[in-house]
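# Results of the structural survey
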Amino acid sequence: MGLIIDSERLSRAFGDHRAVDGLALAIAPGEIFGLLGPNGAGKTTTIRMLSTLLPPSGGTARVCGFDVVRSAGEVRRRIGYVMQQVSPMGYYLLTGREKAEIEAALYHVPRRRLKARVGEVLELVGLSESADRLVQEYSGGMQKRLDLACGLLHQPELLILDEPTLGLDVQSRHHMWDHIRSLCDEGMTVLLATNYMDEADRLCDRLTIIDHGRQVVGGTPAELKAALGVATLDEVFLRHTGHALREESG
Ligand SMILES: Nc1ncnc2c1ncn2[C@@H]1O[C@H](COP(=O)(O)OP(=O)(O)O)[C@@H](O)[C@H]1O
Ligand SMILES: [Mg+2]
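Residues numbered from 1 in each chain as written. Chains lettered and ligands numbered in written order. Predicted model: local features only at pLDDT ≥ 70, side-chain atom pairs only at ≥ 80, totals over all residues. Heavy atoms only, no water.

In the sheet, strand β9 (residues 206-211) pairs with strand β10 (residues 214-219) via five bridges, with the strands oriented antiparallel. Residue pairing across strands places Ile210 opposite Gln215, the latter belonging to β10. Linking β9 to β10, which pair antiparallel, is a turn of two residues; within it His212 sits at a positive phi near 50°. (Pairing = 2+ DSSP bridges. Helix = DSSP H or I, 4+ residues; strand = E, 2+ residues; numbered from the N terminus.)

Buried within helix α8 (residues 221-228) we find Pro221, Leu224 and Lys225. Within α8, the buried residues cover an arc of 90° as seen down the axis, which keeps them to one side. Relative to its buried face, α8 has exposed residues pointing more than 90 degrees away, namely Ala222, Ala226 and Ala227. Considering only its buried residues, α8 is in contact with α7 (197-203), β9, β10 and α9 (233-241). Among the residues trailing α8, Gly229 stands out with phi positive, at a value near 65°. (Buried < 20%, exposed > 50% of the residue type's maximum accessible area, 1.4 Å probe, protein only. Arc of directions from axis to C-beta. Contact = heavy atoms within 4.5 Å.)

What follows covers the coordination of the magnesium ion (ligand 2). Around the magnesium ion (ligand 2), the protein contributes the donor atoms Thr44 (OG1) and Gln84 (OE1), which lie 2.0 to 2.3 Å from the metal centre. Of the two residues, Thr44 is situated in helix α1 (residues 43-50) and Gln84 in the loop between β6 (79-82) and α3 (96-106); the sequence distance between them amounts to 40 residues. What makes Thr44 partly exposed here is its relative accessible area of 26%. Exposure remark for Gln84: the relative accessible area of 17% places this residue in the buried category. (Donors = N, O, S within 2.8 Å, 3.2 Å for Na, K, Ca; no water.)

The next subject is the packing of α8 against α9. Look at α8 against α9: their axes get within 9 Å of each other, and the N-to-C directions meet at 60°. The angle between the axes of α8 and α9 places the two elements in the oblique class. Seen from above, α8 lies across α9 with left-handed handedness. Counted together, Pro221, Leu224, Lys225 and Leu228 of α8 and Leu233, Val236, Arg239 and His240 of α9 form the full contact between these two elements. Taken together, the residues of the contact of α8 with α9 sort by class into five nonpolar, one polar and two charged. (Axes fitted to C-alpha atoms, helices over the stretch in contact; angles between N-to-C directions. Parallel < 35°, antiparallel > 145°, perpendicular 65-115°, else oblique. Left-handed = near helix turned anticlockwise from the far one by under 90°. Nonpolar A, V, L, I, M, F, W, Y, C, P; charged D, E, K, R; others polar.)

Okay, structure coming up:
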């Protein structure tokens, strides 16, 4: 089988600002691939192009074998996209199960399979026992896991996670990492955007670091650290960009 994500010179400008500038990605089936960079680096813009929500202003990208511009529908059927921001307020008055059922209908999960599939994905992320509680009573970590479950409803080939542990406490982050790992054990391909270098170090098979929309360096976490003789990906980032990662909001 070919690549799950294959992009060449993928670019997006907003006015004069090049948010993403010439990205080449080659992601194989079954990989957890990390898109790393500080806030504003261009991670979400890249993901929005790969998931067909934003047209590129230059270059090409194929996802699951289909061009994101010419065959957007084929791409959408094959990917799950878990967005960076938490769920809209409208969902808070629903239970976790009700929210997942609505999303399942939106994803065209067949009616006769819908209840069973919702039960399966809630089980997968450890929310079976909380499924009938209101989403507004969920902790931040539970809400992120519910979002993850919803991204799995239509059994995508590729799961795209935009900062899945942003703002979570240490324990919730570890839970999320376990769930992501077990998905990959079952053959899912994952594209993970994060600005937490430790997260990428723990989870990713391979990664690329981007800064100001451009690729800085890529490889396995071990290769990147060994090449510079450093212990952490934070240090790799600092050495390659000349600046430290800044923790900002937004
Ligand atoms: N719709 C938009 N209009 C104008 N500028 C945008 C838009 N979306 C993103 N940007 C800009 O593009 C750059 C990259 O943003 P983004 O992809 O969200 O970065 P990241 O996800 O890595 O934090 C930022 O400078 C951001 O302000
Ligand atoms: Mg982002």
